[in-house]
Amino acid sequence: MRHLLLLLFAIGCEDATEPALETVPSVELERYLGTWYEIANYPQRFQEGCTATTANYSLGDDGDIVVENRCRLDGLDGPEDVAIGRARVVDTETNAKLEVSFFGPFWGDYWVIDLGQDYEYAVVGHPGREYLWILSRTPTMDDAVYEGILERLTEQSYDTSLLVRTLQP
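First, a word on scope: everything that follows refers to the structure included in this document. From a predicted model like this one, the values you see are computed outputs, not experimental measurements.

Reading the values: the criteria
Residues numbered from 1 in each chain as written. Predicted model: local features only at pLDDT ≥ 70, side-chain atom pairs only at ≥ 80, totals over all residues. Heavy atoms only, no water. Helix = DSSP H or I, 4+ residues; strand = E, 2+ residues; numbered from the N terminus. Buried < 20%, exposed > 50% of the residue type's maximum accessible area, 1.4 Å probe, protein only. Polar contact = N/O pair within 3.5 Å; in protein donor to acceptor, adjacent residues only side chain to side chain. Contact = heavy atoms within 4.5 Å. Salt bridge = Lys/Arg side-chain N within 4 Å of Asp/Glu carboxyl O. Disulfide = S-S within 2.5 Å. Core = buried A, V, L, I, M, F, W, Y, C linked by side-chain atoms within 4.5 Å.

We now examine the side chain of N41. For N41, the location among the structural elements is in strand β1 (residues 34-41). Residue class for N41 comes out buried when judged on its relative accessible area of 10%. Within the local environment of N41, its side chain forms a polar contact with the side chain of E38, the two groups lying 2.7 Å apart. Sequence-distant contacts of N41, defined by excluding residues within four places in its chain, comprise Q47, L132, W133, L162, L163, V164 and T166.

Another aspect to go through is the pattern of salt bridges. Taken as a whole, this structure holds 6 salt bridges when the rule is applied. E80 is the partner of R70 in a salt bridge, and the nearest nitrogen-oxygen pair spans 2.8 Å. A residue pair is termed long-range when its members are at least 10 positions apart, and R70 in strand β3 (residues 65-73) and E80 in strand β4 (residues 80-89) qualify at 10 residues. According to the relative accessible area criterion, R70 is partly exposed, its value standing at 29%. For R152, the salt bridge identified is with D114, shortest N-O distance 2.8 Å.

The next thing to look at is the environment of G49. Within the secondary structure, G49 is located in the loop between β1 and β2 (50-59). When the C-alpha positions of G49 and G75 are compared, they lie 7.7 Å apart, and in sequence the two are 26 residues distant. Those residues in contact with G49 that sit more than four places away from it in its chain are R72, L73, D74 and G75.

A few words on the state of the cysteines. Summed over the entire model, instances satisfying the criterion amount to 1 disulfide. Two residues share a disulfide in this structure: C50 and C71, whose sulfurs sit 2.1 Å from each other. Residues C50 and C71 are joined through a disulfide that is left-handed, its torsion about the S-S bond being -45°. Residue C50 is found in strand β2, and its partner C71 is found in strand β3; the two are separated by 21 residues along the sequence. Summarising the burial analysis for this pair, C50 and C71 share the class buried.

With 21 residues, the main nonpolar core has V27, Y32, Y57, Y110, V112, L115 and L135 as its most contacted residues. At 3 residues, the largest contribution of residues to this core is made by strand β6 (residues 106-115). What L115 contacts, discounting residues up to four positions off in sequence, is V24, S26, V27, Y32, Y121 and A122. Listed in part, the 17 residues of the second largest apolar core include I113, L132, I149 and Y158.

Geometric descriptors of this kind do not, in isolation, establish any biological role.
What follows is the structure in structure tokens.
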């Protein structure tokens, strides 16, 4: 029990030396909806073996956002894995801070921290910097755009050496 309490305490504590994570000034949800291709991510156990990863966001009947994540397991020709979740806006002033749930009552922070002027790319992070996804409207991203994103992530105290590129068809 003591180990569990220490673990929960450690998860709840953010590094006080890091500046607060900044989101984009605003997100137009209607423009954000649709399909995104994952370009790179911080590897997570729940995405192990995923390639050709996409996320599709649509408006649900209840006002929440329906999240449909798809990937191919262990290669571009592997079996498809689908996870359906939901997202809700927690900062209605900017729409840049959301929470996502794939497991019942458990919600995780989903913050839009970089966004292309024409919504051609998005970068999603977590205030504790444990999660990071670079998304694009197309399966590939121009190298100069990617490098610019990496520079801005470094300014936000992200360790970009942890990013892994996602194989897309």
